[in-house]
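Chain by chain, the residues:
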Amino acid sequence: MRRDRVTRADGTPDGADGTPDAEPRRGRPRSAAAERAILDAVIALLEAGEPLAGLSIERIARTAGVGKATIYRRWTGKEDLFVDVVRDMEPDDPPLSGTEGLADLRIMLESLRTRGLAQRSSVLLHNIFAQMKSHPKLWAEYSGRVIAPRRAAMLAAVRRAVAAGELRDDLDVELIDDLFVGPVLVRTVHRPDAPLPDDLVDRIITTLLQGLDPAAGRV
């Protein structure tokens, strides 16, 4: 008599002989449950003390209860997968108007501050970032997929602010961007003991708009 098949976390039935059936062909709708199981499996392994460099696709698939092909349908390799794991653990990027200048800039700076707080409060997230920076290929993947788009969005907001007359138009936009982002990065990356108060972003923006001329503070 034919045995009932067992369905795995990715929705793929096991064969009657106990071996996994062939994975569905590409084009089949993704399973949100399978993706969640894979991300959770990586996080669970990291929480158990496994280093990023020691994780294999085979181990991740076994922990998640899916086949390796299920992972490779969604990610090109470990680096691609690990970037999504980090993004899953970080606070979500906030929505932007796409039309405002300083307002969108403030939103993104606040998001940067919030991510800094998240890294401080999560030992796991802090350790993951430390490990990522020691693996050039993984850090390059994260930089290209996450950091670069965020920087592009910041520069676009600066340009909108310049066009709207909110910021000077005689300065290089990349310099303006660095002046706004720099103080938050210093406190979140280089000075982990520095405070990140709720009003930090507003203070940075106000100070930059007023300038550092001693006379400006007395006007």
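When the charged atoms of two side chains with opposite charge come close together, those side chains can pair. In total, this model carries 19 salt bridges according to the counting rule given. For the salt bridge of Arg74 with Glu35, the shortest nitrogen-to-oxygen distance reads 3.5 Å. With Arg74 in helix H3 (residues 68-74) and Glu35 in helix H1 (residues 32-47), the pair connects residues that are 39 residues apart, well separated along the chain. Across the pair Asp198 and Arg113 runs a salt bridge whose closest N-O atoms are separated by 3.6 Å. Residue Asp198 is located in the loop between helix H8 (173-190) and helix H9 (200-210), and its partner Arg113 is located in helix H5 (residues 102-121); the two are separated by 85 residues in the primary sequence. Each of the salt bridges in this network shares a partner with another, and the network as a whole consists of Glu90, Asp93, Arg115 and Arg150.

In this section: the packing of aromatic side chains. Enumeration over the complete set of coordinates arrives at 3 aromatic pairs. Aromatic side chains Phe129 and Tyr142 sit 5.5 Å apart centroid to centroid with 90 degrees between the ring planes, which places their arrangement in the edge-to-face category. Within this pair, whereas Phe129 is found in helix H6 (residues 123-133), its partner Tyr142 is found in helix H7 (residues 136-163), the two being separated by 13 residues in sequence. Taking relative accessible area as the criterion, Tyr142 reaches 3% and is therefore assigned buried. Members of the aromatic cluster, each reached through a chain of ring pairs, are Phe129, Trp139 and Tyr142.

Turning next to the packing of H7 against H8. Where H7 contacts H8, the axes come no closer than 9 Å and their chain directions differ by 110 degrees. The orientation of H7 relative to H8 falls into the category roughly perpendicular. Taken as a pair, H7 and H8 cross one another with a handedness that is right-handed. Taken together, the residues of H8 that come into contact with H7 (itself represented by Arg151, Met154, Leu155, Val158, Arg159 and Val162) are Val173, Glu174, Ile176, Asp177, Asp178 and Val181. When grouped by side-chain class, the residues that make up the contact of H7 with H8 number 7 nonpolar, no polar and 5 charged.

Positionally, Gly77 belongs in the loop between H3 and helix H4 (78-89). Considering only alpha carbons, one finds Gly77 and Ile57, 20 residues apart in sequence, at a separation of 7.9 Å.

The next point concerns a nonpolar patch on the surface. A contiguous nonpolar patch, built from Leu175, Leu179 and Leu208 and spanning about 240 Å² of accessible area, is present on the exposed surface. For Leu179, the location among the structural elements is in helix H8.

The next point concerns the packing of H5 against H9. In contact at an axis separation of 9 Å, H5 and H9 are set at 135 degrees when each is read in the N-to-C sense. As far as their axial angle goes, H9 and H5 are oblique. The crossing of H5 and H9 is right-handed. Counting all contacts with H5, which are made through Leu102, Arg106, Leu109, Glu110 and Arg113, the residues of H9 involved are Leu200, Val201, Asp202, Ile205 and Leu209. In the contact of H5 with H9, the residues fall into 6 nonpolar, no polar and 4 charged.

Along H9, the residues classified as buried are Leu200, Val201, Ile204 and Ile205. Projected down its long axis, H9 shows its buried positions confined to an angular sector of 130 degrees, all on one face. Elements in contact with the buried residues of H9: H5 and H8. Trailing H9 by a residue or two, Gly211 shows a phi angle of about 90 degrees, which is positive.

Scoring rules and cut-offs
Residues numbered from 1 in each chain as written. Predicted model: local features only at pLDDT ≥ 70, side-chain atom pairs only at ≥ 80, totals over all residues. Heavy atoms only, no water. Salt bridge = Lys/Arg side-chain N within 4 Å of Asp/Glu carboxyl O. Helix = DSSP H or I, 4+ residues; strand = E, 2+ residues; numbered from the N terminus. Phe/Tyr/Trp six-rings, centres within 6.5 Å; stacked < 30°, edge-to-face > 60°. Buried < 20%, exposed > 50% of the residue type's maximum accessible area, 1.4 Å probe, protein only. Axes fitted to C-alpha atoms, helices over the stretch in contact; angles between N-to-C directions. Parallel < 35°, antiparallel > 145°, perpendicular 65-115°, else oblique. Left-handed = near helix turned anticlockwise from the far one by under 90°. Contact = heavy atoms within 4.5 Å. Nonpolar A, V, L, I, M, F, W, Y, C, P; charged D, E, K, R; others polar. Patch = residues over 30% accessible without salt bridge, like charges linked within 9 Å, V, L, I, M, F, W, Y side chains within 5 Å. Areas by Shrake-Rupley, 256 points an atom, 1.4 Å probe, with all protein chains shown as cover. Arc of directions from axis to C-beta.

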